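Here is what each chain is made of, one letter per residue.
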Amino acid sequence: MTGWIIFGSILLVLIFVFTRPVKVTAVYDSNPEIRVKILCFTIVKVPADEKAKRKKAAKQRKKAAKQRKKAEKERKKAEKEARKAAKKNRGAQNVTAAETTSGESADNGESGAQNVQSEAGGGEDAKKSGAKKKEKVKKPKKKLPDLDFDMIKDYVASASPPVKRLFKKIRIRDVYIDWVVGSNDAAVTALKYGGVCAAIYPAVEWIRTYFDMKVKEINVEADFSAEKDDIFAYVTLKLRICTAIGCALWLAVRMLKTYLKYNPTTGAKHKPKTRPVRVKAR
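The paragraphs below set out a description of the structure included in this document.

What counts, and at which threshold
- Residues numbered from 1 in each chain as written.
- Predicted model: local features only at pLDDT ≥ 70, side-chain atom pairs only at ≥ 80, totals over all residues.
- Heavy atoms only, no water.
- Helix = DSSP H or I, 4+ residues; strand = E, 2+ residues; numbered from the N terminus.
- Areas by Shrake-Rupley, 256 points an atom, 1.4 Å probe, with all protein chains shown as cover.
- Pairing = 2+ DSSP bridges.
- Salt bridge = Lys/Arg side-chain N within 4 Å of Asp/Glu carboxyl O.

**Describing the overall build of the protein**
Inference 1: When helices and strands are counted, the protein shows five helices and six strands.
Inference 2: Mapped from its N terminus to its C terminus, the protein presents α and β elements in the order α-β-β-β-α-α-β-α-β-β-α.
Inference 3: Summed over all atoms, the accessible surface of the protein reaches about 24,000 Å², with 60% contributed by carbon and sulfur.

Next comes the structure, spelled out in structure tokens:
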């Protein structure tokens, strides 16, 4: 019974976490910032806080100190083993010194015969290598595979429903843009103001066709006394974890079906259907 209670508790916690949205907050001003949160926990923050930077630096220093200690221990151990091996080698050299002197005369005779054979074999190897160079055949150039546009079309058609659903489930909220256009020249300021207006408002309407978006305020002004632009932007994005996992699995299944359609298994036999030949009666 206790095991079932623990299992049920873990399952409820996982369901609660997976049904909560991941919140991404982005702020653009003189100090841009991006923050990713789940519930009340901040997973990613760019740029990181000074406190987090200090903790990270301290962890790196501790890790480097541990690595140095480990390397020092390994070095001492290797030196100790090398000294032991050197002592053993000295004893073995003293024993084998007498044996090597007696066998030198016999080895000299054999080495002379081997030198003669090696010279003869060297000439034969040179002839063989020259023949191999002549026998080399030019490798055919690899051709790029022909593009199957029907296959590409099917892959795109398979991927579009889950991707569209994922985009629709991303909620864009609290969109706030305050852009004050300025420059040293009044004519340039006027041109920049027109270009910014022509870019922002159509872009917002285009994004609305694919995402669930709610705009709080968009304000674009021209300040002919300002020397440069002053931009402040704020936006939050929300997406449930279970929605992202579901869309990913749906996409994987659809892509697998399309792959199997064009790459059938070896056991399956796909033969075109043909009509039986009719034999005319005489």
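Still more ground to cover, so stick around.
**Here we look at the pairing of strand β2 (residues 33–38)**
Inference 1: Bridge count for strand β1 (residues 21–28) against β2 is six bridges, and the pairing is antiparallel. Note that in β2 the partner of A26 across the bridge is I34.
Inference 2: Connecting β1 to the antiparallel partner β2 that follows it, the hairpin turn spans four residues.
Inference 3: Pairing geometry for β2 and strand β3 (residues 41–46), over five bridges, is antiparallel. Residue pairing for β3: I34 is matched across the bridge by V46.
Inference 4: Hairpin connection of β2 to β3: two residues between the antiparallel strands, including L39 at a positive phi of 60 degrees.

**Notes on the pattern of salt bridges**
Inference 1: Following the criterion strictly, the structure yields seven salt bridges and no others.
Inference 2: Notably, a salt bridge pairs D212 with R173, separated by 3.0 Å at the nearest N-O pair. Highlighted residues: D212 in strand β5 (residues 212–222) and R173 in strand β4 (residues 171–181), separated in sequence by 39 residues.
Inference 3: A single network of salt bridges, built from pairs that share partners, joins E72, R75 and E79.

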